[in-house]
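# Summary of structural features
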Amino acid sequence: MILRLIALAVLIYFAYRLVRRALAKLRPPQPQDPPTPESQPVVPCKTCGTFVPKDRAHTDDRGHFYCSDRCLQETRERD
Ligand SMILES: [Zn+2]
């Protein structure tokens, strides 16, 4: 009697594993999005193209974004 119970438990265990594996195949893991700070939009620097958080970017009077004062000055001198 106890052997039958053990055999039954083992069968259930393997059935459970099979079902889980089948489900995993049906529903492949979601592709991981690259981690991005969601609350912080980033903008490319107009001079060098470096992406900087918008709230830390430097802006000129025309609304362009820069990663640093140096880039801001560089573009100002070029124009
Ligand atoms: Zn820059």
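Residues numbered from 1 in each chain as written. Predicted model: local features only at pLDDT ≥ 70, side-chain atom pairs only at ≥ 80, totals over all residues.

- In the nomenclature of an unreviewed UniProt entry, the protein chain corresponds to TRASH domain-containing protein from the organism Thiohalorhabdus denitrificans.

### Quick look at the overall build of the protein chain
- Looking only at helices and strands, the protein chain has 2 helices and 4 strands in total.
- A globule of 79 residues ought to have a C-alpha radius of gyration of about 12 Å, yet the protein chain, at 29 Å, is considerably larger.
- Principal-axis analysis of the C-alpha atoms places the extent of the protein chain at approximately 90 × 20 × 15 Å.
- The buried share of the protein chain, reckoned over its 79 residues, is 8%.
- Considering only contacts within the protein chain whose residues lie at least 6 apart along the sequence, 12% involve residues at least 24 apart. (Helix = DSSP H or I, 4+ residues; strand = E, 2+ residues; numbered from the N terminus. Rg over C-alpha atoms; globule rule 2.2 N^0.38 Å. Buried ≥ 20, exposed ≤ 12 C-beta atoms within 10 Å, placed from the backbone. Contact = placed C-beta atoms within 7 Å.)

### Some details on the nonpolar core
- In terms of nonpolar packing, the biggest core is built from 6 residues, these being Ala57, Phe65, Tyr66, Cys67, Cys71 and Leu72.
- Counting only elements with at least two residues in this core, the list comes to strand S4 (65–66) and helix H2 (69–78).
- If we skip the residues at most four places from it in the chain, Leu72 touches His58, Asp60 and Tyr66. (Core = buried A, V, L, I, M, F, W, Y, C linked by C-beta atoms within 7 Å.)

### As for the domain arrangement of the protein chain
- Under the domain assignment used here, the protein chain contains domain 1 (1–29) and domain 2 (42–78).
- When each unit is reduced to the centre of its C-alpha atoms, the spacing between domain 1 and domain 2 is 59 Å. (Domains from an automatic or database assignment.)

### Points about helix H1 (residues 2–26)
- Its 25 residues place the ends of H1 36 Å apart at the C-alpha level, agreeing with the 36 Å of an ideal helix rising 1.5 Å per residue.
- Taking burial as the measure, the 25 residues of H1 include 0 buried ones, a minor fraction of the element. (Expected span 1.5 Å × (residues − 1).)

### Regarding the environment of Leu72
- Topologically, Leu72 is positioned in helix H2.
- The class of Leu72 is buried, set by 20 C-beta atoms lying within 10 Å.
- Remark: the alpha-carbon pair of Leu72 and Lys25, spanning 47 residues in sequence, is separated by 52 Å.

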